[in-house]
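Below are the chains, spelled out letter by letter.
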Amino acid sequence: MSENNPREHVIMMMLDTLMDEPLQRALEEESLPAFQFFMEKANHYYPDVVAPFPTMSVNVESTFITGHYSDQHHIPALAWFNQKEQRIINYGTHVIEQMKLGLSRCVYDTFYRLNNEHLNPNVTTIYEDLYQEGKTAASVNALVYRGPVENELKLPRLLRLFVPLDRTIPTKGPSHFVYGKFSKMSPWTKYSHVWNKYGFNNHFSIQEFTYFVEQDMIPHFSIVYLPDHDKRVHKHGRMDLKGIKQMDEQLQQLLNAFSSWEEALERNIWILMGDNGQATVGENKEQALVDLRRLLEPWKITKLRKGVQPDDQIVLGMNLRSCFVYSLHPDVLPLDEIAKKLQSDARIEVIAWKEQEWIHVISGDKQGTLRFKENGNVKDVYEQMWTIEGDTTVLDLNVNGSKLSFGEYPDALKRLHSCLHSHDGDYVVCATKPGHEFIGESTPHHENGASHGGFHNDDSLIPLLVAGTESQPPFLRIVDLKTWILQLTRELKERSE
């Protein structure tokens with residue numbers, strides 16, 4: 001037994017769209033016993049951990065479990081264009097878009113290909129690394145979960161009426177694997193019906209992990225994902241407090257499964273964190289929503305239902321406040337020409353594309369141009385080296401001699417560089433200013449609410465609370481958490497035989 005760290009498990013609660021500013025207000029204005037308990041017991045609280053770009057859940061989760069950005073893990077965002085297959089991959093932006101693309105194909109992409117094909121097999125996940133060290137792990141309702149253990153997803157009969165897939169789909173996950181109703185470990189059926197999104201809800205996540213607690217089967221590391229707050233913030237805005245209060249009630253329920261809240265902390269290291277933030281979207285629909293179909297006229301954009309046609313010029317990979325704009329014929333329609341067209345709209349704050357080793361960046365609301373590449377004589381706050389040429393105000397960079405720090409766009413260079421090397425194809429990536437959101441053919445939109453996917457601090461900074469250890473991650477980025485958590489598990493007290 002380690003006298004310094006007598007705890008047995010690391011429990012990570014990933015609370016979708018948890019942000020520091022509304023959390024602090026909720027702590028002042030609401031009764032939040034669970035959050036207050038954790039805040040009082042916290043060894044560390046960080047309000048500004050950096051999420052990867054685009055700030056979409058599958059990219060965030062892939063970055064966390066692999067410890068790499070998307071240039072290595074190869075999950076670019078929620079929607080992207082697969083050049084080899086000449087089709088749009090969509091893991092779940094909106095059911096209308098998925099129906100146009102082919103619902104069965106999109107469901108199979110989400111349930112199987114995301115984890116078993118698209119996530120780069122040449123990088124290991126935290127679950128695979130823990131297994132090699134003889135440790136157990138749990139994924140409860142996370143979308144990205146690849147691990148070393150053979151599992152299967154069981155599709156309900158009602159769902160199979162709409163998507164003609166096999167009753168069971170093989171997949172590989174951690175030793176303790178929960179994926180809604182499709183893969184569960186408790187005997188309980190509550191919160192898993194079709195009207196409960198087949199178990200993809202906070203109550204089901206808490207119910208399943210409560211079962212782990214009651215059965216004394218908590219593994220060495222667990223990630224428990226609570227998805228519901230995201231939709232409330234989309235609808236009611238980034239300062240919505242009701243969703244935080246609901247999460248507090250669910251955390252109380254989980255803590256109550258232990259003999260006491262103090263015992264829950266004495267036996268476990270707890271990590272509470274968001275996944276991405278959200279930026280406000282204005283209430284004036286015409287001004288708030290940037291319609292890329294109009295902006296990119298007269299170029300021919302691929303229709304979702306038809307797929308790529310011979311005379312198409314552009315494909316859009318829509319990710320709410322960011323978008324991949326693909327040129328199908330870059331020799332005829334070069335990327336810089338697309339970038340200039342996007343630059344004509346002042347609501348677009350970042351426009352970037354790659355040419356050989358250089359990343360080029362312009363903006364719709366700032367003058368000047370910038371280009372950068374890896375290696376060089378400028379070191380950023382994450383000890384990454386860069387060569388930078390042009391107007392640094394385009395990305396709000398602060399260069400002081402050989403030192404680089406960031407303003408409105410955290411870890412700007414590495415996040416853009418990785419995004420533009422995340423998958424094959426010729427594309428520009430762009431992001432809107434806060435207050436705005438992209439729309440396309442059937443895109444969900446959130447005027448008078450909030451949205452994410454963008455490059456700004458509002459989308460990119462999430463809180464991280466740590467209770468039960470004085471250990472700290474090397475840098476405050478989601479990409480750095482995997483290595484840190486693996487170290488934490490190595491320091492855990494061995495469970496008694």
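See the structure shown above.
Not measured: the values here are computed from a predicted model.

So, the overall build of the chain
And then number 1: Across its full length, the chain holds 18 helices and 24 strands.
And then number 2: Across its three principal axes, the chain shows a C-alpha extent of roughly 65 × 60 × 45 Å.
And then number 3: Out of the 497 residues in the chain, the part that is buried amounts to 60%.
And then number 4: Long-range pairs, those at least 24 residues apart, make up 68% of the contacts in the chain between residues at least 6 apart in sequence.
And then number 5: Carbon and sulfur atoms form 46% of the exposed surface of the chain, whose accessible area is close to 19700 Å².
And then number 6: Of the charged side chains in the chain, 51 are positive and 68 negative; the average position of the first set lies 6 Å away from that of the second.

Here we look at the packing of helix 9 (residues 202-214) against helix 11 (residues 242-256)
And then number 1: Contact geometry for helix 9 and helix 11: axes closest at 9 Å, N-to-C directions at 15°. Considered as vectors, helix 9 and helix 11 are oriented roughly parallel to each other. Here helix 9 and helix 11 pass one another in a crossing that is right-handed. Where helix 9 approaches helix 11, its residues Asn202, His203, Ile206, Phe209, Thr210 and Val213 are matched on the opposing element by Met247, Gln250, Gln253 and Leu254.
And then number 2: A per-class count over the contact of helix 9 with helix 11 returns five nonpolar, five polar and no charged.

A short note on the side chain of Thr66
And then number 1: Positionally, Thr66 belongs in helix 3 (residues 57-66).
And then number 2: A polar atom in the side chain of Thr66 sits 3.2 Å from the backbone nitrogen of His68.
And then number 3: Not counting residues up to four positions away in its chain, the partners in contact with Thr66 are His73, Leu119, Val123, Thr124, Thr125 and Lys482.

Remarks on the sheet that holds strand 8 (residues 176-178)
And then number 1: Pairing within the open sheet is mixed, and its seven strands lie in the order 2-24-10-1-9-5-8. Edge positions in the sheet fall to strand 2 (44-50) and strand 8, since each of these pairs with one other strand and no more. For this sheet the average axis-to-axis angle between neighbouring strands, irrespective of direction, equals 15°.
And then number 2: For strand 5 (residues 137-140) and strand 8, the ladder comprises three bridges, and the chain directions are parallel. Counted as the bridge partner of Ser139 is Phe177 from strand 8.

Remarks on the pattern of salt bridges
And then number 1: What the rule picks out here adds up to 29 salt bridges.
And then number 2: Salt-bridge contacts for Arg267 lead to Glu263; the nearest nitrogen and oxygen are separated by 3.4 Å. Of the two residues, Arg267 and Glu263 are both situated in helix 12 (residues 261-267); the distance of four residues between them amounts to about one turn of the helix.
And then number 3: Taking the relative accessible area as the measure of exposure, Arg267 reaches 25% and is therefore partly exposed.
And then number 4: Note on Glu263: relative accessible area 16%, which makes it buried.

Let's talk about the packing of aromatic side chains
And then number 1: For the coordinates displayed, the defined rule picks out 26 aromatic pairs.
And then number 2: Residues Trp188 and Tyr211 carry aromatic rings whose centres are separated by 5.4 Å and whose planes lie at 85° to one another, so their mutual orientation is edge-to-face. Of this pair, Trp188 sits in the loop between strand 8 and helix 9 while Tyr211 sits in helix 9, and the two are 23 residues apart along the sequence.
And then number 3: For Tyr211, a relative accessible area of 16% translates into the label buried.
And then number 4: Geometrically, the ring pair formed by Phe258 and Trp270 is edge-to-face, given 6.0 Å between the ring centres and 70° between the ring planes. Of this pair, Phe258 sits in the loop between helix 11 and helix 12 while Trp270 sits in strand 10 (residues 268-273), and the two are twelve residues apart along the sequence.

Let's talk about the side chain of Arg415
And then number 1: Along the chain, the position of Arg415 falls in helix 16 (residues 412-419).
And then number 2: Despite being buried, Arg415 has no salt bridge partner; Asp411 is the closest side chain of opposite charge, sitting 5.5 Å away.
And then number 3: Within polar-contact distance, the side chain of Arg415 engages the backbone oxygen of Phe455 at 2.9 Å.
And then number 4: A distance of 3.0 Å separates the side chain of Arg415 from the side chain of Ser460, its partner in a polar contact.

Quick look at the nonpolar core
And then number 1: The biggest cluster of nonpolar side chains holds 77 residues, and the ones touching the most others in it are Phe64, Phe221, Val361, Leu395 and Leu416.
And then number 2: Residue contacts for Val361: discarding those within four places in its chain leaves Val350, Ile351, Ala352, Thr369, Leu370, Phe372, Val394, Leu395 and Leu416.
And then number 3: In this structure, Leu27, Ala34, Leu241 and Ile244 belong to the second largest nonpolar core, which totals 37 residues.

Some details on unusual backbone geometry
And then number 1: Here Phe53 and Pro54 are connected by a cis peptide whose omega angle stands at -5°.
And then number 2: Structurally, the position occupied by Pro54 is in the loop between strand 2 and helix 3.
And then number 3: Put simply, Glu297 and Pro298 share a cis peptide bond, and its omega is 5°.
And then number 4: Positionally, Pro298 belongs in the loop between helix 14 (292-295) and strand 13 (314-319).
And then number 5: Even without being glycine, Glu383 reaches a positive phi, approximately 65°.
And then number 6: Relative to the assigned elements, Glu383 resides in the loop between strand 17 (370-380) and strand 18 (385-390).

Quick word on the environment of Lys184
And then number 1: Mapped onto the elements, Lys184 comes out in the loop between strand 8 and helix 9.
And then number 2: Residue class for Lys184 comes out partly exposed when judged on its relative accessible area of 26%.
And then number 3: A C-alpha to C-alpha distance of 15 Å links Lys184 and Ala137, two positions 47 residues apart in sequence.
And then number 4: There is a polar contact of 2.6 Å between the side chain of Lys184 and the backbone oxygen of Ser186.
And then number 5: One polar contact links the side chain of Lys184 to the main-chain carbonyl oxygen of Trp188, over a distance of 2.6 Å.

Section: the environment of Thr55
And then number 1: Its location among the elements puts Thr55 in the loop between strand 2 and helix 3.
And then number 2: Not counting chain neighbours up to four residues away, the residues in contact with Thr55 comprise Asn276, Arg415, His452, Gly453, Gly454, Asp459 and Ser460.
And then number 3: At 2.8 Å, the side chain of Thr55 and the backbone nitrogen of Gly453 are in polar contact.

About the criteria used
Residues numbered from 1 in each chain as written. Predicted model: local features only at pLDDT ≥ 70, side-chain atom pairs only at ≥ 80, totals over all residues. Heavy atoms only, no water. Helix = DSSP H or I, 4+ residues; strand = E, 2+ residues; numbered from the N terminus. Buried < 20%, exposed > 50% of the residue type's maximum accessible area, 1.4 Å probe, protein only. Contact = heavy atoms within 4.5 Å. Areas by Shrake-Rupley, 256 points an atom, 1.4 Å probe, with all protein chains shown as cover. Lys, Arg positive; Asp, Glu negative; His and termini not counted. Charge placed at Lys NZ, Arg CZ, Asp CG, Glu CD. Axes fitted to C-alpha atoms, helices over the stretch in contact; angles between N-to-C directions. Parallel < 35°, antiparallel > 145°, perpendicular 65-115°, else oblique. Left-handed = near helix turned anticlockwise from the far one by under 90°. Nonpolar A, V, L, I, M, F, W, Y, C, P; charged D, E, K, R; others polar. Polar contact = N/O pair within 3.5 Å; in protein donor to acceptor, adjacent residues only side chain to side chain. Pairing = 2+ DSSP bridges. Salt bridge = Lys/Arg side-chain N within 4 Å of Asp/Glu carboxyl O. Phe/Tyr/Trp six-rings, centres within 6.5 Å; stacked < 30°, edge-to-face > 60°. Core = buried A, V, L, I, M, F, W, Y, C linked by side-chain atoms within 4.5 Å.

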